[in-house]
Amino acid sequence: MMLVGRARASVIRRTITPTVARAFSGSAPEYDVCVIGGGPGGYVAAIKAGQLGLKTVCVEGRGSLGGTCLNVGCIPSKSLLHSSHLYEEATHKFADHGIIVDNVSVDFEKMMDAKSKSVDGLTKGIEGLFKKNKVDYVQGWGKIAGPNGVDVSLNDGGAQSIQAKNIIVATGSVVAELPPVPVDNEKQLIVDSTGALSLKKVPEKMVVIGGGVIGLELGSVYRRLGAEVHVVEFMPEICGGVVDKEINKAFHRTLKKQGMKFHLGKKVVASEVTGDQVKLTVEPAEGGDGEEMVADVVLVSTGRRPATDDIGLETVGISTTRGMIDTDATLRTSVPSIWAIGDAIDGPMLAHKAEEEGIAVVETIAGSHGHVNYDAIPSVIYTHPELAFVGKTEQELKEEGVSYNKGTFTMMANSRARTVLDTDGMVKILADKKTDRILGIHILGSNAGEMIAEGVLGMEYGASSEDIARTCHAHPTLSEGFKEAAMATYDKPIHS
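Throughout, a residue's number is its position along its own chain's written sequence, starting from 1. Under the rules for a predicted model, residues below a pLDDT of 70 receive no local features and side-chain atom pairs below 80 are neither given nor counted, while totals for whole chains, interfaces and linings still include all residues. Side-chain numbers here rest on the full set of heavy atoms in the structure, without hydrogens or water.

Q: Could you clarify how one ought to interpret helix 14 (residues 480–490) in this entry?
A: Since one α-helical turn is 3.6 residues long, residues separated by three or four positions face the same way. The buried label applies to any residue whose accessible area, calculated with a 1.4 Å probe on protein chains only, is under 20% of its type's maximum; exposed applies above 50%, and partly exposed to all values in between. Helix numbering and strand numbering both begin at the N terminus, where a helix is a DSSP run of H or I of at least 4 residues and a strand a DSSP run of E of at least 2. Among the eleven residues that make up helix 14, ten are buried, leaving the element largely enclosed by the rest of the structure. Residues of helix 14 that are buried: E480, G481, F482, K483, E484, A485, A486, M487, A488 and T489. Along its buried surface, helix 14 packs onto strand 23 (404–410), helix 11 (415–419), strand 24 (426–432), strand 25 (438–445), helix 12 (448–460) and helix 13 (465–469). In this description, contact between two residues means that some pair of their heavy atoms is separated by no more than 4.5 Å.

Q: Hey, could you run me through the side chain of R224 in this one?
A: Along the chain, R224 falls in helix 6 (residues 213–224). Residue classification places R224 among the buried residues on the basis of a relative accessible area of 5%. At a separation of 2.8 Å, a polar atom in the side chain of R224 contacts the main-chain carbonyl oxygen of L81. Pairs of N or O atoms are called polar contacts if they sit within 3.5 Å, as long as, within protein, a hydrogen donor faces a hydrogen acceptor (for residues adjacent in sequence, only side-chain-to-side-chain pairs).

Q: Any chance you could explain the layout of surface pockets here in plain terms?
A: The gaps of empty space that remain are located by a probe, the size of a water molecule, rolled over the atoms. For cavity detection a 1 Å grid was placed over the protein atoms alone, and a set of points counts as a cavity when a 1.4 Å probe fits there but cannot get out; an open set counts as a pocket when protein lies on both sides within 12 Å along at least five of seven lines, with lining residues being those that have an atom within 4 Å of a point. Grid points are joined across faces, edges and corners, and a volume is the space filled by probe spheres set on the points. In this structure, the largest pocket occupies an estimated 780 Å³ of space. In this structure, the largest pocket is lined by 43 residues; those nearest its centre are R62, T171, G172, S173 and A307. Classifying every residue of the lining of the largest pocket gives 16 nonpolar, 17 polar and ten charged. Under the grouping applied here, Gly and all other residues not named as nonpolar or charged are polar, the nonpolar ones being Ala, Val, Leu, Ile, Met, Phe, Trp, Tyr, Cys and Pro and the charged ones Asp, Glu, Lys and Arg.

Q: Could you clarify how one ought to interpret empty space enclosed by the protein in this entry?
A: Applying the stated criterion across every chain, the model contains two cavities of 30 Å³ or more. By volume, the largest cavity is sized at about 50 Å³. Looking at the largest cavity, the residues that line it are V175, S193, I214, V300, S301, T302, G303 and R304. Residues belonging to the lining of the largest cavity are distributed by class as follows: three nonpolar, four polar and one charged. One number sums up the size of the second largest cavity: a volume of about 30 Å³. In this structure, the second largest cavity is lined by M411, D422, D424, I443, G445, S446, M451 and L478. Partitioned by chemical class, the residues of the lining of the second largest cavity number four nonpolar, two polar and two charged.

Q: Looking at this structure, how should I read helix 7 (residues 245–258)?
A: Between the first and last C-alpha of helix 7 there are 20 Å, a value that for 14 residues agrees with the 20 Å anticipated at 1.5 Å per step. If you check which residues of helix 7 are buried, you get I247, N248, A250, F251, H252, T254 and L255. Its buried side turned inward, helix 7 meets helix 6, strand 11 (261–264), strand 21 (379–381), strand 22 (386–391), strand 24 and strand 25. Two or three places before E246, at the opening of helix 7, D244 has a side-chain oxygen 3.1 Å from that residue's backbone nitrogen. Directly after helix 7, the chain includes G259, whose backbone phi takes a positive value near 115°. In this analysis, the expected span of each helix is defined as 1.5 Å times one less than the number of residues it contains.

Q: Help me understand the state of the cysteines in this model?
A: A covalent bond between the sulfur atoms of two cysteines is what we call a disulfide. By disulfide we mean two sulfur atoms from cysteines, separated by a distance within 2.5 Å. One pass over the full model with this rule turns up one disulfide. Bridging C69 to C74, the disulfide has an S-S length of 2.5 Å. Because the sign of the S-S torsion sets the handedness, a value of about -130° for the bond joining C69 and C74 places this disulfide among the left-handed ones. The exposure class of C69 is buried, given its relative accessible area of 10%.

Q: Sorry, what's going on with unusual backbone geometry here?
A: The omega torsion of the bond from H384 to P385 falls at 0°, within 30 degrees of zero and hence cis. With an omega of -5°, the peptide bond running from H475 to P476 counts as cis. Inspection of the secondary structure puts P476 in the loop between helix 13 and helix 14. In the Ramachandran plot, K134 falls in the positive-phi region, its phi being about 60° despite a non-glycine side chain. Position of K134 relative to the elements: it lies in the loop between helix 4 (108–132) and strand 4 (135–146).

Q: What am I meant to see in the sheet that holds strand 22 here?
A: Either a parallel or an antiparallel arrangement is found when strands of a sheet pair, and the pairing is made through backbone hydrogen bonds. If you trace the five strands from one edge of the open sheet to the other, you get 21-22-25-24-23, paired in antiparallel fashion. Two strands lie at the open edges of the sheet, namely strand 21 and strand 23, each paired on one side alone. Mean inter-strand twist for the sheet, computed between neighbouring axes without regard to direction, equals 10°. Here strand 24 pairs with strand 25 via six bridges, running antiparallel. Within strand 25, the residue paired with I429 across the bridge is I441. Set on the sheet, helix 14 makes contact with strand 23, strand 24 and strand 25; between it and strand 23 the angle comes to about 145°. Paired strands, as defined in this entry, are two strands with at least two bridges between them according to DSSP. Axes, fitted as lines to C-alpha atoms, cover a helix only where it is in contact. Angles between the N-to-C directions of the axes lie from 0 to 180 degrees.

That's the geometry; what it means functionally is another story.
Structure representation (structure tokens):
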């Protein structure tokens, strides 16, 4: 998912206090909770509500649960990233390990089939969890009809009205359009991320418009499978400026070394489909003479926007800001019985952020307490090497005038990385100069997405870099690089 601005930077920890269900006139509502949207935030909220004994219904019109993430986002892209990585290992790395294989080829149809099977199994699994936790599942598109009402246009025809004490809006996000380059996934020439996950063949040349998470991940897939991949990015750097600059430079160098070609500080101002190719007109972002680029497939990956149109917000007077539903610190809208979470509100468009918000809201509705610590929500780019980070970047600390210590450790000096011949990357830790409390963690390397969890746990509970450095890490593991970076932050590393 695309990275966007950090969520409510002024809120370090959002603690949600118990609420009292609103009183109603007339008959009692049919449900305690109605969740509109069955993506990661919505289905997790629904399951949690069921676990807490709340009578719950989830409304989803896609026809399968899991939202964008599971159906046409996080999950299928990770399947293709893994499969394409195996192919690249076989064609470029096996020989370094003394493994000689000849005539390695790609059965692209079978690769896509493996992706689809993973998705199907997981979506059906969520339906099973709904049944287990007594969550009703209504297949159709939900629209707010009042403070306690949701009207559903059912997928199989007809309509259904639902009454609930609480409504949770979890409608997610949709692809942001780029007017000069209109997407038509069926023709498979100009596609968005959904189309790129369903191509019938590997293109000879692909132009990716947008150097963010989605573009770099899917661009990596097709580069590994043999496509010549060009990335056109409006900004002067990849990743939209949200990644630590030191790490981002190393990341950019690695992707270039792998063969991805970058055109930074450029914008696409026009496109023309001619036969089975697309011609793009590309200009400098600040203006100037344009140039033409021709591709077999153009992937438009210029971000996502909240899916909040035509869901009935205006019916009850709920306001939005740039499409994001306005909420208070408890994720409650201006209507006390209606809440909003995930991509539909402010903050990074991340599945796990939506999940945390969904659980917090449901716990509040049930009369308990919930919290979301926005300073401890990790982000991961699943290229190879992976890039993972949590907390503040070095540039943010400088801008905020925070005194800090920095520790880095290159994976070239990590014994496990050297053993498996996979040494690209580094670990970087930033800690408060006075207290040593960890403020930010940035990892570039194999398995960074798993390694970051240790850092998130540490930050959630206020760990210092010395706490991490004095914690025994198994040898030989990639995680020792994390320990060494922590040692470098408060003292000195051993192996560097």
